[in-house]
Amino acid sequence: MESINTLKGYDKVSDQENQIPSPLPKPPSRKTLIATVSVVSLLLILAVVALTAGAFTRPSHDPPASSNSLKTVCAVTRYPQTCFDALSSSSPDRKLDPESILELSLHVAAKKVSNLSVSFRSINDMPEEASVGDCVKLYADAVSQLNESISEIEREKKKGGEWLTKNVVGDVKTWISAAMTDGETCSDGLEEMGTVVGNEIKKEMATVNEMMSISLAIVTEMKKLLLLFH
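Residues numbered from 1 in each chain as written. Predicted model: local features only at pLDDT ≥ 70, side-chain atom pairs only at ≥ 80, totals over all residues. Heavy atoms only, no water.

(A) Examining the nonpolar core more closely. Core analysis: the biggest nonpolar cluster contains 51 residues, and Phe120, Tyr139 and Leu146 have the highest contact counts within it. Among the secondary structure elements, those contributing two or more residues to this core are helix H3 (65-74), helix H4 (80-88), helix H5 (98-122), helix H6 (130-158), helix H7 (166-193), helix H8 (199-220) and helix H9 (222-228). Aside from chain neighbours lying at most four places away, what touches Leu146 is Leu106, Ala109, Ala110, Val113, Ile176, Ala179 and Met212. (Core = buried A, V, L, I, M, F, W, Y, C linked by side-chain atoms within 4.5 Å. Buried < 20%, exposed > 50% of the residue type's maximum accessible area, 1.4 Å probe, protein only. Helix = DSSP H or I, 4+ residues; strand = E, 2+ residues; numbered from the N terminus. Contact = heavy atoms within 4.5 Å.)

Structure follows, in structure tokens:
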């Protein structure tokens with residue numbers, strides 16, 4: 001009986017050993033793993049590139065509102081860089097329209113002409129250099145011409161409405177042209193008399209001529225500029 005029970009127990013063990021275990025999940029193939037890693041890597045690279053591009057293309061700060069306006073207006077002049085440099089350093093950080101830029105250019109030009117007149121006055125200590133004395137008077141007159149332009153504009157603005165009329169534009173052009181003629185007369189007189197002036201005064205004269213030319217160009221192209229800004 002014991003041998004029979006032993007055999008029966010043996011049969012049970014054999015039956016358990018003969019049972020087929022449930023199959024385990026099949027591990028992914030090497031190709032599948034490589035493909036998955038490649039896709040993830042590509043997505044990460046694209047994300048980094050997008051973030052980097054955004055960092056470089058996004059401006060660190062918005063430019064002043066007056067910057068684009070000044071560039072547009074200065075582009076109609078013969079000296080756009082001089083125009084932009086001189087007016088941007090004198091303009092408030094706000095949007096400027098062509099009319100405001102014209103006024104600003106006249107103020108800057110008048111100030112530079114006044115400084116030049118003072119420079120000539122400082123070297124007018126040689127009676128024989130009559131051309132220097134003439135330049136003092138000529139640039140003083142040029143300042144008056146430019147100030148008259150500014151005063152005319154201010155008077156018309158106080159009246160309200162469309163102040164930049166054909167008559168006002170014509171007057172401003174006439175006064176600026178007269179101021180420029182004063183500067184040319186000074187230069188011609190110095191050259192004719194062979195008068196030697198310092199390099200600093202020569203630079204001032206060149207800058208003054210450019211600034212007056214800039215104001216004249218702006219008022220001349222005012223109608224076109226107003227269309228661009230509206």
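(B) Examining the environment of Gly170 more closely. Mapping Gly170 onto the fold places it in helix H7. Counting along the chain gives 50 residues from Gly170 to Thr220, while the straight-line C-alpha distance between them is 8.8 Å.

(C) Molecular detail of the environment of Val143. You can see Val143 is positioned in helix H6. What makes Val143 buried here is its relative accessible area of 13%. When the C-alpha atoms of Val143 and Ser114 are compared, they prove to be 6.0 Å apart, with 29 residues separating the residues in sequence. Ignoring any residue separated from it by four or fewer positions in sequence, one finds Val143 in contact with Ala110, Val113 and Ser114.

(D) Seen up close, the pattern of salt bridges. In total, this model carries five salt bridges according to the counting rule given. Put simply, Lys224 and Glu221 hold a salt bridge, and the shortest N to O gap is 3.2 Å. By relative accessible area, which is 49% here, Lys224 ends up partly exposed. Among the charged side chains, a network of salt bridges with common partners joins Glu148, Glu152 and Arg155. (Salt bridge = Lys/Arg side-chain N within 4 Å of Asp/Glu carboxyl O.)

Take it as geometry only, folks, not as evidence of what the structure does.
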